[in-house]
Amino acid sequence: MQKEIGRLYVVATPIGNLEDITLRAIKVLESVDLVVAEDTRHTLKLLNHLEISKPLMSYHRHNEDIKTHSIIEKLLQGENIALVSDAGTPGICDPGEVVIKECIDRQIEVVPIPGACALINALIASGVSTKEFIFLGFLPLNKKLRKEKLDEIKNARKTVIFYEAPHKLLSTLDDLREILEDRQVVLARELTKIYEEFIRGNINEIISKAQNLKGEMVFIIEANSDVQEDNWEDISIEEHYKFYEKQGLSKKDIIKKIAKDRGVQKNEIYQKFVDF
Ligand code: SAM
């Protein structure tokens, strides 16, 4: 009889507070044949804390290609494997993509086990719009690529999220000072840990509060509502309203302009803002 092939479980682990692991993640870690980890020593501490004893294999940026081959072999032989990173969700600025893609190409089942993810945890408590957002990972260091990303942030019509390492914080704040004007910025620091902190304000306020900050951080930046729209249907009526409100127009003029931009009757727009 042919042996069944195994599954790859992509398991999110805590980003600071060891209690942030789901019951399902624990069950999966208990049940698999092997845990593949970014740093085996780091993951061993988590497994010890959970009183789980499992064989571990390392899988990180520098051995991703070689290790993918051996992980696939084991899955094909019927082993179930959990993939974890040092913190949070594997694949999100962490290794995972290569082996996951290879599994999909080989029709090996990939099962996500959700949990902590710094960008989502930062966003949900930021107070900045969660409706639509773009995540940029880490900003590039290469000058040209960095300039392109900074331009993208400058013109973004959605909330922007990115990760930053503490030793690069001040130079990133300097770059942002050039492009953000009065947009709201939130620096989410040490999420789920003892010194968890949300620093909010415009870029100058953030700079004045951010000297000597240590720890892990996520940047959340409010959308640029001053970007001229060509296609107004791409934004919500509320965002459209905010765009003209920022220009200091009266409610009556805003409604007139929105109706014209969208090619609809003034009354239709007025109804939406009766209580505004
Ligand atoms: N896979 C992780 C996730 O799901 O969020 C991200 C890993 S990435 C290599 C590490 C970056 O995530 C840090 O530099 C920081 O920007 C962010 N990060 C991770 N843990 C964090 C925490 N507890 N508080 C704030 N930011 C955190």
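What counts as what
- Residues numbered from 1 in each chain as written.
- Predicted model: local features only at pLDDT ≥ 70, side-chain atom pairs only at ≥ 80, totals over all residues.
- Heavy atoms only, no water.
- Near = heavy atom within 4 Å.
- Polar contact = N/O pair within 3.5 Å; in protein donor to acceptor, adjacent residues only side chain to side chain.
- Areas by Shrake-Rupley, 256 points an atom, 1.4 Å probe, with all protein chains shown as cover.
- Nonpolar A, V, L, I, M, F, W, Y, C, P; charged D, E, K, R; others polar.
- Domains from an automatic or database assignment.
- Buried area = accessible area lost by both parts, 1.4 Å probe.
- Buried < 20%, exposed > 50% of the residue type's maximum accessible area, 1.4 Å probe, protein only.
- Helix = DSSP H or I, 4+ residues; strand = E, 2+ residues; numbered from the N terminus.
- Arc of directions from axis to C-beta.

Q: Hey, could you go over the site of the ligand for me, with residue numbers and the actual values?
A: Around the ligand sit 19 residues in total, of which Thr89, Ile92, Asp94, Tyr163 and Met217 are the nearest. At a separation of 2.8 Å, a nitrogen atom of the ligand approaches a polar side-chain atom of Asp94. At 2.9 Å, a backbone N or O of Leu191 approaches a nitrogen atom of the ligand. Out of a free accessible area of 570 Å², the ligand has 91% covered by protein chains. Considering only residue class, the shell around the ligand consists of 12 nonpolar, two polar and five charged.

Q: Describe the domain arrangement of the protein chain, naming the residues involved and giving the relevant values.
A: The domain boundaries assigned to the protein chain delineate domain 1 (8-116), domain 2 (119-221) and domain 3 (232-272). Taken together, both faces of the contact between domain 1 and domain 2 bury some 560 Å²; the carbon and sulfur share is 68%. The largest share of the area that domain 1 buries against domain 2 comes from Ile15, Ile92 and Cys93, three residues that together contribute 70% of it. Between domain 1 and domain 2 we count one residue pair in polar contact (both at pLDDT 80 or more) in total. For the side of domain 1 that touches domain 2, the class distribution of residues is four nonpolar, two polar and one charged.

Q: I'd like a description of helix H2 (residues 40-49), backed by residues and values.
A: For the α-helix, the turn length of 3.6 residues means that residues three or four positions removed from each other point alike. Thr43, Leu46 and Leu47 are the residues of H2 that are buried. All buried residues of H2 fall inside an arc of 100° around its axis, so they share one side. The exposed residues of H2 that point more than 90 degrees off its buried face are Arg41 and Lys45. The opening residue of H2, the one whose side-chain oxygen lies 3.0 Å from the backbone nitrogen of Arg41, is Asp39.

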